[in-house]
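# Coordinate analysis (summary)
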Amino acid sequence: MLMISEVVVPHLTIHYSTNVDAQMDMQALCSALGRVLAESGIFPLGGIRVRAVACNAYAVADEQPQNAFADMVLRIAAGRSAEDRHATGVALMRCAEQHFASLLAEPFFALSLEIVEITAAFSWKTNSIHARLAAANAS
Amino acid sequence: MLMISEVVVPHLTIHYSTNVDAQMDMQALCSALGRVLAESGIFPLGGIRVRAVACNAYAVADEQPQNAFADMVLRIAAGRSAEDRHATGVALMRCAEQHFASLLAEPFFALSLEIVEITAAFSWKTNSIHARLAAANAS
Amino acid sequence: MLMISEVVVPHLTIHYSTNVDAQMDMQALCSALGRVLAESGIFPLGGIRVRAVACNAYAVADEQPQNAFADMVLRIAAGRSAEDRHATGVALMRCAEQHFASLLAEPFFALSLEIVEITAAFSWKTNSIHARLAAANAS
C-alpha cells in the first residue's frame, strides 16, 4: 500500500570534498544526522532521507591541499515554526561538529548548514515506507 | 553560433541511494523523464538537462538495508503558470512511478519531486545546442 | 580557534555530464572559478567553496551522444546588491566560457549559471580556515 501526499519531508544533503573520506566515516555521519532528525519529533521517521555526495574536484579558500569542506542543506516542508527550524539547525550542527571535531581542530575545514523550505503545492511524493512503519507501530 | 539568453530552462536533478542501481537503469529513467519534459510542449528541447547523482552514503527512515530513495528537483524559469507546473509535476511523477514500480511494490522506497523556479534576472546561459536544433527544424 | 557566524558564503556547485571529463580539467575550472570569486572583493577568501559533481547518467536535449552540460549554482548570503550579484554572474560565466571554449565551439554543449541567496537566519557555519587567513594577513 502506498501513501501519497503533497508534503515532502525532510531531505538532508551533504556535499563534501573527497579528502574528507580519509578521516571521516560519512555513512556514520549520515546515520547520526538521521537520528537527530528523528529525535526532533517534528519529522515523520518514514520521510527522513539523509545523503552525502562526494565532490572529487573542488577549490576551497586559499587552496591549501588540506583544505576541506562539508556543506549541508536541509529541505523541509514549509510551515514549521521558526523556533523548530532554529532548534533543528542547532542540533544538526552540534552533531556534525562532534563528528568533524578532528578536522575542525586544524585550520583547514569549513562546515556549513542551510535550511530551506519546500512549497507543498509544487512537491509530490510516493512513499512505500510510511505504511510499514505505521503497521509496525500499531502491532 | 551561440545563442545567449538570461532564461535557463529546465534542469531536472535526481539524487538517489546507490542500492537502487542494482534494480534500476538510471540512464533509461533520465531519458524517459527528458522525453516527458520535451512532450510537455512548454520547454525548448535544447534546454532540457536531466541528470542523476548517485549517493553512496545515506540514511533513509529506519535504516533497513533495503531502504532506498530517489529525490527529484526540477528547476524551471519563473513565469510558467501554476497549471503548467502542476501538470509537469504530475507527468514526471507518473513516469518515475512506472520506472520504480518494483521498488514501490516493496515497503522500502521513497520517491519525491519538487519544482522550484529560477529568477531570470540572476541566471545566465550559453548554449550551442539551440542553433543546431533550430537549423534542423528549418531544413 | 573557530570563528562561528550565521552567514554562509559563497558556495559554487557545478553539476556536469561525465562525457565532459575527456575534454576538460574540472579541477582547473574549480580553481579558476574560485579565483574569480576571490578577486571580486565581495566574498571572504576563507568562505569560498567551489565543487564539481560528475553525473554519470543524464539526458541532454535530443540525446546526441556528444551532448553535454555544465550547470553552475552559486549560493551567497542575502544582502549583496543586485549590481554585485550581476557582476559576479558575468565574471563567472566569462571564466567558464573560456574554459569550455572548445565544447561551446561544437553544437552540443549547454552551460548555465544561477545565483541564489541564502537566508542568514537559517544558516550556520563553523569554519576553522578564517582564523588562519586572518593571522596570515596580520603577520
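Further up the page is the structure itself.
With 8 of its 10 residues buried, strand β6 (residues 109-118) of chain A lies for the most part within the structure. Direction of pairing for strand β5 (residues 68-77) of chain A relative to β6(A): parallel, over a ladder of 10 bridges. In the sheet register, A:Ile76 faces β6(A), and the bridge partner there is A:Glu117. Taken together, the 5 bridges between β6(A) and strand β7 (residues 123-127) of chain C define a ladder with antiparallel strand orientation.

With that out of the way, let us pick up helix α2 (residues 82-99) of chain A. The periodicity of an α-helix, 3.6 residues per turn, causes residues three or four positions apart to be oriented the same way. A rise of 1.5 Å per residue sets the reference length of α2(A), with its 18 residues, at 26 Å; its end C-alpha atoms lie 26 Å apart and thus fit the reference within 8%. Buried residues belonging to α2(A) abut β2 (11-17), α1 (26-40), β5 and β6 of chain A together with β7 of chain C.

What follows covers the packing of aromatic side chains. This structure, assessed with the given rule, holds 3 aromatic pairs over all chains. A cation over an aromatic ring shows up here: B:Arg85 above the ring of A:Phe122, its NZ or CZ 4.3 Å from the ring centre.

This part is about the interface of chain B and chain A. Contacts between the two partners involve 36 residues from chain B and, on the opposite side, 32 residues from chain A. At the boundary of chain B with chain A, total buried surface from both sides reaches about 2700 Å², with 55% on carbon and sulfur atoms. Among the residues of chain B in contact with chain A, B:Ala57, B:Ala61 and B:Glu114 are the three that bury the most area, contributing 18% of the side total. The salt bridge partner of B:Glu114 is A:Arg75, with a shortest N-O separation of 2.7 Å.

What counts and how
- Residues numbered from 1 in each chain as written.
- Chains lettered and ligands numbered in written order.
- Predicted model: local features only at pLDDT ≥ 70, side-chain atom pairs only at ≥ 80, totals over all residues.
- Heavy atoms only, no water.
- Buried < 20%, exposed > 50% of the residue type's maximum accessible area, 1.4 Å probe, protein only.
- Helix = DSSP H or I, 4+ residues; strand = E, 2+ residues; numbered from the N terminus.
- Pairing = 2+ DSSP bridges.
- Expected span 1.5 Å × (residues − 1).
- Contact = heavy atoms within 4.5 Å.
- Phe/Tyr/Trp six-rings, centres within 6.5 Å; stacked < 30°, edge-to-face > 60°.
- Lys NZ or Arg CZ within 6 Å of the ring centre and 35° of its normal.
- Buried area = accessible area lost by both parts, 1.4 Å probe.
- Salt bridge = Lys/Arg side-chain N within 4 Å of Asp/Glu carboxyl O.

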